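Spelled out, the chains give:
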Amino acid sequence: MPTSHLTLIGKPGCHLCDDARDLVGSVVAKLADDVSAPEITFEERSILDDAELHERYLEDIPVLLINGKVHNYWRIDPVRLRTALLEVS
């Protein structure tokens, strides 16, 4: 079974990051029962804990990566995310 690894890059106190986390969680939860969906892992990283991420993404958070590649900046579109995750399978 294919696997998709999602990484949400943001920082504490960022309302867009909070919105992105909630949206990603909702999309992942809805895909949990879809047999065509890949296995999905999720992690969050803060630009405050990593100088390289801070330098690279300071003006772009939240950033969502799928398998290490940028999927979206700022606002996450749930339909686009779901489609991208299903394409992995």
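Owing to the predicted nature of the structure, the values given are computational and were not obtained by experimental measurement.

### Structural notes on the packing of aromatic side chains
Two aromatic rings, taken as a pair, are described by how far apart their centres are and by the angle between their planes.
Now for step 1: Enumeration over the complete set of coordinates arrives at one aromatic pair.
Now for step 2: When the centroid spacing of 5.9 Å and the interplanar angle of 45° are considered together, the rings of Y73 and W74 count as tilted.
Now for step 3: The class for Y73 is partly exposed, based on a relative accessible area of 33%.
Now for step 4: Since its relative accessible area comes to 46%, W74 is described here as partly exposed.

### Concerning the packing of helix 1 (residues 15-31) against helix 3 (residues 78-88)
Now for step 1: Helix 3 packs onto helix 1 with a crossing angle of 45° between their chain directions and a minimal axis gap of 10 Å. In terms of axis orientation, helix 1 runs oblique to helix 3. Here helix 1 runs over helix 3; the crossing is right-handed. For the pair helix 1 and helix 3, contact is made by L23, V24, V27 and L31 and by P78, L81, R82, L85 and L86, respectively.
Now for step 2: In the contact of helix 1 with helix 3, the residues fall into eight nonpolar, no polar and one charged.

### Here's the deal with the pairing of strand 3 (residues 63-66)
Now for step 1: Of the two faces of strand 3, both are covered, the one formed by V63 and L65 as well as the one formed by L64 and I66.
Now for step 2: Where strand 1 (residues 3-10) lies against strand 3, four bridges are found, and the strand directions are antiparallel. By the bridge assignment, L8 is partnered in strand 3 with L64.
Now for step 3: Relative to strand 4 (residues 69-73), strand 3 runs antiparallel, the two being bridged by four bridges. In the sheet register, L65 faces strand 4, and the bridge partner there is V70.
Now for step 4: Counting the residues in the hairpin turn of strand 3 and strand 4 gives two residues, including N67, whose phi is positive at 50°.

The rules behind the values
- Residues numbered from 1 in each chain as written.
- Predicted model: local features only at pLDDT ≥ 70, side-chain atom pairs only at ≥ 80, totals over all residues.
- Heavy atoms only, no water.
- Phe/Tyr/Trp six-rings, centres within 6.5 Å; stacked < 30°, edge-to-face > 60°.
- Buried < 20%, exposed > 50% of the residue type's maximum accessible area, 1.4 Å probe, protein only.
- Axes fitted to C-alpha atoms, helices over the stretch in contact; angles between N-to-C directions.
- Helix = DSSP H or I, 4+ residues; strand = E, 2+ residues; numbered from the N terminus.
- Parallel < 35°, antiparallel > 145°, perpendicular 65-115°, else oblique.
- Left-handed = near helix turned anticlockwise from the far one by under 90°.
- Contact = heavy atoms within 4.5 Å.
- Nonpolar A, V, L, I, M, F, W, Y, C, P; charged D, E, K, R; others polar.
- Pairing = 2+ DSSP bridges.

Purely geometric stuff here, so don't read any function into it on its own.
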